[in-house]
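As a plain string of letters, each chain reads:
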Amino acid sequence: GTILRIFTTNKPVSKIALSHDGTLLITGLKDNSIIIWNAQTGSKLGSINNYVNSHNQISRITLSPCSSFFIVEFENTSQEKYPLIIPILPKLSLS
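Rules and cut-offs
- Residues numbered from 1 in each chain as written.
- Predicted model: local features only at pLDDT ≥ 70, side-chain atom pairs only at ≥ 80, totals over all residues.
- Heavy atoms only, no water.
- Pairing = 2+ DSSP bridges.
- Helix = DSSP H or I, 4+ residues; strand = E, 2+ residues; numbered from the N terminus.
- Axes fitted to C-alpha atoms, helices over the stretch in contact; angles between N-to-C directions.
- Contact = heavy atoms within 4.5 Å.
- Phe/Tyr/Trp six-rings, centres within 6.5 Å; stacked < 30°, edge-to-face > 60°.
- Buried < 20%, exposed > 50% of the residue type's maximum accessible area, 1.4 Å probe, protein only.
- Lys NZ or Arg CZ within 6 Å of the ring centre and 35° of its normal.

Spatially, 3 strands are ordered S5-S6-S7 in an open sheet, and the strand pairing comes out antiparallel. One side of each edge strand has no neighbouring strand; the edge strands of this open sheet are strand S5 (58–63) and strand S7 (79–83). Averaged over all pairs of adjacent strands, the angle between strand axes in this sheet comes to 20°, irrespective of strand direction. Where S5 lies against strand S6 (residues 69–74), 5 bridges are found, and the strand directions are antiparallel. Paired with Leu63 across the bridge in S6 is Phe70.

Mapped onto the elements, Ile36 comes out in strand S3 (residues 34–38). Sequence separation between Ile36 and Ile16 is 20 residues, and the spatial gap between their C-alpha atoms is 9.9 Å. When near neighbours in sequence (up to four residues on either side) are disregarded, Ile36 contacts Leu24, Leu25, Ile26, Ser43, Lys44, Leu45, Gly46, Phe70 and Leu84.

In total, this model carries 1 aromatic pair according to the counting rule given. Between Phe70 and Tyr82 the ring centres are 5.3 Å apart and the planes differ by 25°, which places this aromatic pair in the stacked class. Here Tyr82 lies in strand S7 and Phe70 lies in strand S6, a separation of 12 residues in the sequence. Here the two residues Phe70 and Tyr82 agree in accessibility, since each one is buried. Above the face of the Phe69 ring, Lys81 is positioned so that its terminal group lies 4.2 Å from the ring centre.

Turning our attention to the sheet that holds strand S4 (residues 44–48). Spatially, S1-S2-S3-S4 is the arrangement adopted by the 4 strands of the open sheet, whose pairing is antiparallel. On the outer flanks of this sheet lie strand S1 (13–18) and S4, each paired with one strand and no other. Averaged over all adjacent pairs, the angle separating strand axes in this sheet is 20°, with direction ignored. Pairing geometry for strand S2 (residues 24–29) and S3, over 5 bridges, is antiparallel. By the bridge assignment for S3, Leu25 is matched with Trp37.

Here it is as structure tokens:
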């Protein structure tokens, strides 16, 4: 395969979710922090650190079909819903 973009973080990534239009990438890290990325540029748009060092690990990250929110699911089956309030991003061009 071809490497399209490298996203750099100093912590191990455990879960990822890509928006349906390819503009956003959300990563769940091993320490339970969450980073929201611009999938085109690789730049960090924001982060959530509410659950850092919690023993309840992230089991899944799901983006809504329109990318207006995402849901973080944990091993104990609890869920948190987060709105995505960010500038409109252009669609990813693979050419």
